[in-house]
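Observations on the model geometry
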Amino acid sequence: MPRRLLCSHLRVDVGGEPAVDGLSLESSGEHVLVLRGPRGLFEAAAGLRDVVRGELLVEGAPPSAALGSGLVACAPLDPPMPPKWTVLDYTTWSARLAGHRRAVAFGLATDAVGRMQLTTMAVTKLAAAPVPVRRATVIAAALATGAPALLIEDPMAGLSSESALLLARAVARGTADRQTTTFAGRVPLESPMALASDEAIVLDGAQVVGQGPPAEIAAAERTLSLRVHGRVDAFVRAVEDRGGRATASEGARPVHVRVELGPLASRDLFAIAMESDAVVMELRPLAGAFA
């Protein structure tokens, strides 16, 4: 199975500071969710930000090559949009800019607008369109390029539950025959986008703390991602001595530790840390990415 996204020791800077530093991951699902990653990761994959160090491949090619060849199209979150253009104008021009002739572009745009359930809004000016419609339009524009693979940035961010559900349903149906990688903070497990995804990757900084089918990750209610400072080796041994399982990453400071609680309660980890001369600086349930 081809790799949708491949990062190796990746570093991406934002404002002169590393937003991504040392990330390595590989995805191969047809519909992939990348959760809790920094925005700089999407921007690098979408060719909007340079890679400072390491390797980043999208659909087997560097982002600029993947985008330039029409292999990949991007749907960023809330880009500037010409206010006087209609939904169909914006989508049609996306197809034209991808190199399609006028008649072909119009056909692709009309199809994409229909896929995203925007037909009744096709002649609505973007200045008057509500946020969910504008976000659906950005995804329709990516579809209209004809690219077989799409990178989508957090389309449900900040929406009400009802609006998020309607948009997620449109995205899942509209992109069903394309390969998708969607970057988001979290996605409810019952969301149509989570149900349509066959692979999820949960990040904590530059560490992959969970990867697999969304339902499998969401079921890991007793698996935690921690950031630990101090005597991490002693902390890991103490957790395992008391029946839990702990795995520490290498290189990063503070160290990322994945803990499967077993018979332990989450509060026990703070007591274990004190006894081990370690400090738990952050603790997050892995399943929280699907809360």
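Residues numbered from 1 in each chain as written. Predicted model: local features only at pLDDT ≥ 70, side-chain atom pairs only at ≥ 80, totals over all residues. Heavy atoms only, no water.

1. Brief notes about the packing of helix α3 (residues 87–97) against helix α5 (residues 131–144)
Here is the rule we go by: Axis geometry follows a simple rule: fit a line to the C-alpha atoms, using only the stretch in contact for helices, then measure angles between N-to-C directions, giving values from 0 to 180 degrees. Think of it this way: any DSSP run of H or I at least four residues long counts as a helix, any run of E at least two long counts as a strand, and we number them from the N terminus. Comment on the angle field: the value is read as roughly parallel under 35 degrees, roughly antiparallel over 145, roughly perpendicular from 65 to 115, and oblique elsewhere. Put simply, a crossing is left-handed when the front helix is turned counterclockwise from the back one by less than a right angle, and right-handed when it is turned clockwise. Contacts are assigned to residue pairs that have any heavy atoms within 4.5 Å of one another. Each residue is assigned to one of three groups, with Ala, Val, Leu, Ile, Met, Phe, Trp, Tyr, Cys and Pro labelled nonpolar, Asp, Glu, Lys and Arg labelled charged, and all others, Gly among them, labelled polar.
It is the contact of α3 with α5, at a shortest axis distance of 8 Å, that shows an interaxial angle of 25 degrees. Judged by the inter-axis angle, α3 sits roughly parallel to α5. As for how α3 packs across α5, the hand of that crossing is right-handed. For the pair α3 and α5, the contacting residues are V87, Y90, T91, S94 and A95 in the first and V133, T137, V138, A140, A141, A142 and A144 in the second. Within the contact of α3 with α5, the residues separate by chemical class into nine nonpolar, three polar and no charged.

2. Some thoughts on the sheet that holds strand β13 (residues 278–285)
This is how it is decided: Any two strands with at least two DSSP bridges between them are considered paired.
Spatially, the four strands line up as an open sheet ordered β11-β12-β10-β13, and their pairing is antiparallel. In this open sheet, the two edge strands, each paired with only one partner strand, are β11 (245–248) and β13. Sheet twist, expressed as the average angle between the axes of neighbouring strands with direction ignored, equals 25 degrees. Across the sheet, helix α9 (residues 232–241) is in contact with β10 (223–230), β11, β12 (255–260) and β13; its angle to β11 comes to roughly 160 degrees. In this fold helix α10 (residues 266–275) packs onto β10, β12 and β13, with an angle of close to 165 degrees to the strand it touches most, β13.

3. What about the environment of A142?
To keep it simple, the criterion reads: Three exposure classes are used, based on accessible area relative to the maximum for each residue type with a 1.4 Å probe and protein chains only: buried under 20%, partly exposed in between, and exposed over 50%.
Assignment of secondary structure puts A142 in helix α5. Accessibility expressed as a relative area gives 3% for A142, which makes it buried. Between the C-alpha atom of A142 and that of P80, which follows or precedes it by 62 residues, the distance is 15 Å. Leave out the neighbours within four places in its chain, and A142 touches A73, C74, A75, S94 and L150.

4. A look at the layout of surface pockets
Heads up, the rule is: The method works on a 1 Å grid over the protein atoms by themselves. A cavity is a set of points holding a 1.4 Å probe that cannot get out, a pocket is an open set with protein on both sides within 12 Å along at least five of seven lines, and residues with an atom within 4 Å of a point line them. Grid points are joined across faces, edges and corners, and a volume is the space filled by probe spheres set on the points.
Of the voids in this model, the largest pocket is the one considered here, and its volume is about 600 Å³. Lining the largest pocket are 28 residues, with A73, C74, P76, S94 and T145 positioned closest to its centre. Elements represented by at least two residues in the lining of the largest pocket include exactly α1 (39–45), α2 (63–68), β5 (72–75), α3 and α5. Of all the elements, α3 adds the most residues to the lining of the largest pocket, at four residues. Split into classes, the residues belonging to the lining of the largest pocket amount to 20 nonpolar, five polar and three charged. The calculated volume of the second largest pocket comes to roughly 350 Å³.

5. Observations regarding the nonpolar core
In plain terms, the rule: Definition of nonpolar core: a set of buried residues of the types Ala, Val, Leu, Ile, Met, Phe, Trp, Tyr and Cys, connected through side-chain atoms within 4.5 Å.
Of all hydrophobic cores here, the largest spans 36 residues; its most connected members are M116, L118, I139 and V171. Take this core: its biggest share by element is nine residues, from α5. Ignoring sequence-local partners within four residues, the contact set of I139 consists of A75, M116, I152, P155, V171 and T175. Ranked by size, the runner-up nonpolar core spans 25 residues in total, among them A44, V58, V72 and A149.

6. Observations regarding the packing of α9 against α10
In the contact formed by α9 and α10, the axes pass within 9 Å of each other and the chain directions differ by 130 degrees. As summarised for this structure, α9 and α10 are arranged oblique, according to the angle between their axes. Handedness of the α9/α10 crossing: right-handed. Where α9 approaches α10, its residues F235, A238 and V239 are matched on the opposing element by L269, I272 and A273. Across the contact of α9 with α10, the residue classes break down as six nonpolar, no polar and no charged.

7. Considering the pattern of salt bridges
Rules: We define a salt bridge as a side-chain nitrogen of Lys or Arg found within 4 Å of a carboxyl oxygen belonging to Asp or Glu.
According to the stated counting rule, one finds 17 salt bridges in the structure shown. Of the charged contacts, one joins R39 and E43 as a salt bridge, the two residues approaching to 3.9 Å between their closest N and O atoms. Here R39 pairs with E43, and both are found in helix α1, just four residues apart, close to one helical turn. R39 gets classed as partly exposed once you look at its relative accessible area, which sits at 47%. For D204, the salt bridge identified is with R284, shortest N-O distance 3.5 Å. Here the residue D204 occupies a position in strand β8 (residues 199–204), and R284 occupies one in strand β13, the gap between them amounting to 80 residues.

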